[in-house]
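Here's the letter readout for the chains.
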Amino acid sequence: MSSGESALPLEELLPSREVTLSAEVFVHSLAPVGSKQQQDALVERLSGLVEEGTLEELDLLVWGDSICTGSLLASIGSGKRIVSTIGEFYALAAKRGISISPFFRITKVTSSFADESFRRIVPPCRCLALYAERELVAVFPCLIDGVAYTPEDAVAALERTRESSVSSRALADEST
């Protein structure tokens, strides 16, 4: 998000402060060096939100640099969970009127060695899913009205929410 943009669409996507909020971070298993630093920084900031009570829980899932949806491996265990979760991301995007397609590229791959082709999903190097009382409510990165919002943008909005909540409590304490 550019610094001149309004944060309003992002703030509207996030749930109110009154609900129990948890997060899942998804990362590539062998991310390039630059991405690893961003992944570490994202998890560190989210861990701080857990320690301060803004988030109830934080989980980390590792996905590869692509997911072959027609593979037997995508139908069991963590493979099934990843494919199912990405399906939930697309369903949420359709329901909320946002787009995740540019960040979850779906391509068809044809093997030059074997007479076969398959569909694969290339996920982003890092992704953040937010859950309010165990229900998926937001996924980042995403596009809202043509503006891209990163997982870091979502964390910054959560940090602003926390800061305004702390400020409100401090003002209430001073007035009593």
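Calculation criteria
- Residue indices follow the written sequence of each chain, beginning from 1 at its first position.
- Local features in a predicted model are, by the rule used here, given only for residues with pLDDT of at least 70; side-chain atom pairs are given and counted only at 80 or more, and totals for whole chains, interfaces and linings are based on all residues.
- Where side-chain values are given, they derive from all heavy atoms of the structure, hydrogens and water being excluded.
- Secondary structure is summarised from DSSP: a helix means a run of H or I of at least four residues, a strand means a run of E of at least two, and numbering begins at the N terminus for each.
- In this scheme, a residue with accessible area under 20% of its type's maximum is buried, one over 50% is exposed, and one in between is partly exposed, where area comes from a 1.4 Å probe on protein chains only.
- Here the Shrake-Rupley method, with its probe set to 1.4 Å, supplies the accessible areas, and only the displayed protein chains count as covering residues.
- DSSP calls a pair of strands paired once it identifies at least 2 bridges connecting them.
- All axes here are fitted lines through C-alpha atoms, helices being fitted over the stretch that makes contact, and every angle between N-to-C directions spans 0 to 180 degrees.
- Note on contacts: a residue pair qualifies if any of its non-hydrogen atoms lie within 4.5 Å across the two residues.
- Only buried residues count toward a nonpolar core. Its members are Ala, Val, Leu, Ile, Met, Phe, Trp, Tyr and Cys residues joined through side-chain atoms within 4.5 Å.
- Pairing of aromatic side chains here covers Phe, Tyr and the six-membered ring of Trp, requires ring centres within 6.5 Å, and sorts the geometry by plane angle: under 30 degrees stacked, over 60 edge-to-face, intermediate tilted.
- With a 1 Å grid spanning the protein atoms alone, the term cavity applies to any set of points in which a 1.4 Å probe fits but cannot get out, the term pocket to an open set with protein on both sides within 12 Å along at least five of seven lines, and the term lining residue to any residue with an atom within 4 Å of a point.
- Grid points are joined across faces, edges and corners, and a volume is the space filled by probe spheres set on the points.
- Each residue gets one label: Ala, Val, Leu, Ile, Met, Phe, Trp, Tyr, Cys and Pro are nonpolar, Asp, Glu, Lys and Arg are charged, and the others, such as Gly, are polar.

Looking only at helices and strands, one finds 4 helices and 9 strands in the protein. Starting at the N terminus, the α and β elements of the protein follow one another as α-β-α-β-β-α-β-β-β-β-β-β-α. The proportion of buried residues among the 176 residues of the protein is 35%. Of the accessible surface of the protein, which amounts to about 10000 Å², a share of 53% is contributed by carbon and sulfur atoms.

Strand order across the open sheet formed by 4 strands is β2-β1-β6-β7, with mixed pairing between neighbours. Only two strands of the sheet have a single neighbouring strand rather than two, namely β2 (57-63) and β7 (135-140). Averaged over all pairs of adjacent strands, the angle between strand axes in this sheet comes to 20°, irrespective of strand direction. In this sheet, β2 lies alongside strand β1 (residues 21-28) in parallel orientation, the contact comprising 7 bridges. The residue of β2 that forms the bridge with V25 is L60. Where helix α3 (residues 77-96) meets the sheet, its contacts fall on β1, β2, β6 (126-132) and β7, and the angle it forms with β7 comes to roughly 85°.

Strands sit in the order β3-β5-β4 across an open sheet of 3 strands; the sheet is antiparallel. The open sheet has two free edges, formed respectively by β3 (67-68) and β4 (105-110), since each of these has just one partner strand. Across 6 bridges, the pairing between β4 and strand β5 (residues 117-122) is antiparallel. Counterpart to T107 in the pairing with β5 is R120.

So, on to the nonpolar core. Ranked by size, the top nonpolar core spans 43 residues in total, and within it F89, L128, L130 and F140 carry the most contacts. Not counting residues within four places of it along the chain, the set of residues in contact with L128 comprises A23, E24, V25, L46, A138, V139, F140, P151, A154 and V155.

With that out of the way, let us pick up the packing of aromatic side chains. Considering all chains together, one arrives at 5 aromatic pairs under this definition. Residues F26 and W63 carry aromatic rings whose centres are separated by 4.8 Å and whose planes lie at 25° to one another, so their mutual orientation is stacked. With F26 in strand β1 and W63 in strand β2, this pair connects stretches of sequence that are 37 residues apart. Ring centres of W63 and F104 lie 5.9 Å apart, and the angle between their planes is 85°; this geometry places the pair in the edge-to-face category. Here W63 is found in strand β2, whereas its partner F104 is found in the loop between α3 and β4, with 41 residues between them in sequence. Residue classification places W63 among the buried positions, given a relative accessible area of 1%. The rings of F26, W63, F89, Y90 and F104 are connected pair by pair, giving a single aromatic cluster.

Volume-wise, the second largest pocket comes out at about 210 Å³. Taken together, V62, W63, G64, S66, I67, C68, S71, L73, A74, S78, G79 and I82 make up the lining of the second largest pocket. Those elements giving two or more residues to the lining of the second largest pocket turn out to be β2, β3 and α3. Among the elements that line the lining of the second largest pocket, the one with the most residues is α3, at 3 residues. Tallied by class, the residues present in the lining of the second largest pocket amount to 7 nonpolar, 5 polar and no charged.

Let us now look at unusual backbone geometry. For residues besides glycine, phi is generally negative; the peptide bonds are generally trans as well. Residue P141 follows F140 across a cis peptide bond; omega there is 15°. Relative to the helices and strands, P141 resides in the loop between β7 and β8 (142-144). Phi at E133 takes a positive value of approximately 50°, unusual for a residue other than glycine. Residue placement: E133 occurs in the loop between β6 and β7. Residue classification places E133 among the exposed positions, given a relative accessible area of 52%. Even without a glycine there, the phi angle at R134 is positive, about 75°. Its place among the elements puts R134 in the loop between β6 and β7.

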